[in-house]
Amino acid sequence: MSYPPDSSRTDDGFPVIRTIGLVIVALVMIWLALTVRLPGMDALRDRIDDFGFWSWAVFILVYAGVALTPIPVTVMALAGGLLFGVTIGSVLSVIGAMLGSLAGYAIARGLGRETVLQLLGSRRKTLEERLEDAGFEAVFTLRVLPGMPYWPINYAAGALGVPFQVFAVASLVASIPGQVSLVAIGAFLGQPTVAMGAVVAIAWVVVIVMTIWAWRSWKGTARVPLPGSSDGD
């Protein structure tokens, strides 16, 4: 017996469900981007510090939540430096950023390619060109690039089928220099010493060097490829 085609389903999966998911996620993103503002660094530090021993866990969870949205994560990293210092603040910031990144990747895998690409809006074309059939170098370069938001890379990587291991490893390694550089600034604001200023300067030199190295490795012009890249296997 033949049945009429189900208008709510096609070979691509469940477009109605995915469209509803898109609308919900898009509305939440828009609302967060337009209405929600993180408090200043001092206020944020005080609020997290109120949790006492558990302030580190609260910081990680808040950071991960922010990394899922278009809200810039810079304030979180700076607050991490003020609260915990360079070493611990960097570790906690990297953990929070990675949890948010992996969650965004997983959400994108669930929503599907077209749904997420629509959500990315004006960033769609650029990220589609950069991450379509992308490898370690592409993800690493976009992640380490100063000023590049985390959330569109996370969602685009999941939607465009970047392998999980490639995304996770490249994101982890590339996140470290940027997070340390921002956390170091926060620590310097709390303790403006010459030594702390030197840490900030060194951290940013590392970010710039890693960005250039990653870009050249991605384009195949680096003398030494990035560790973990296909050329470096």
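Computed from a predicted model, the values in this text were never measured in an experiment. (Residues numbered from 1 in each chain as written. Predicted model: local features only at pLDDT ≥ 70, side-chain atom pairs only at ≥ 80, totals over all residues. Heavy atoms only, no water.)

**A closer look at the confidence of the model for the chain**
What counts, and what does not: Confidence of the prediction at every residue is given by pLDDT, a number between 0 and 100. Put simply, DSSP H or I for four residues or longer makes a helix, DSSP E for two residues or longer makes a strand, and each gets a number counted from the N terminus.
Summary statistics for the chain give a mean pLDDT of 78 and a share of 72% for residues scoring 70 or more. When pLDDT is averaged over each element of the chain, helix H9 (residues 164–190) comes out on top at 91 and helix H1 (residues 15–35) at the bottom at 56.

**Section: the nonpolar core**
Basically, it comes down to this: Here the nonpolar core consists of buried residues drawn from Ala, Val, Leu, Ile, Met, Phe, Trp, Tyr and Cys, with membership extended through side-chain atoms lying within 4.5 Å. Think of it in three bands: with a 1.4 Å probe and only protein chains considered, a residue is buried below 20% of the maximum accessible area for its type, exposed above 50%, and partly exposed in between.
Judged by nonpolar contacts, the single largest core of 21 residues is most densely connected at Leu131, Val139, Phe140, Val144, Ala157, Val162 and Phe167. Those elements that place two or more of their residues in this core are helix H6 (124–131), helix H7 (136–144), helix H8 (150–159), H9 and helix H10 (194–219). In terms of residues, this core owes the most to one element, H7, which gives 6 residues.

**Looking at the layout of surface pockets**
We apply this condition: Two kinds of site are reported from a 1 Å grid over the protein atoms alone, namely cavities, where a 1.4 Å probe fits but cannot get out, and pockets, open sets with protein on both sides within 12 Å along at least five of seven lines, and residues are called lining when an atom falls within 4 Å of a point. Grid points are joined across faces, edges and corners, and a volume is the space filled by probe spheres set on the points. Polar here means any residue outside two lists: the nonpolar Ala, Val, Leu, Ile, Met, Phe, Trp, Tyr, Cys and Pro, and the charged Asp, Glu, Lys and Arg; Gly therefore counts as polar.
Space inside the largest pocket adds up to approximately 390 Å³. Contributing to the lining of the largest pocket are 25 residues, with Val73, Thr74, Gly147, Met148 and Tyr150 lying nearest its centre. Every element with two or more residues in the lining of the largest pocket is listed here: H7, H8, H9 and H10. Sort the elements by how many residues they give to the lining of the largest pocket and H9 lands first, with 6 residues. Among the residues making up the lining of the largest pocket, the classes are represented as 16 nonpolar, 7 polar and 2 charged.

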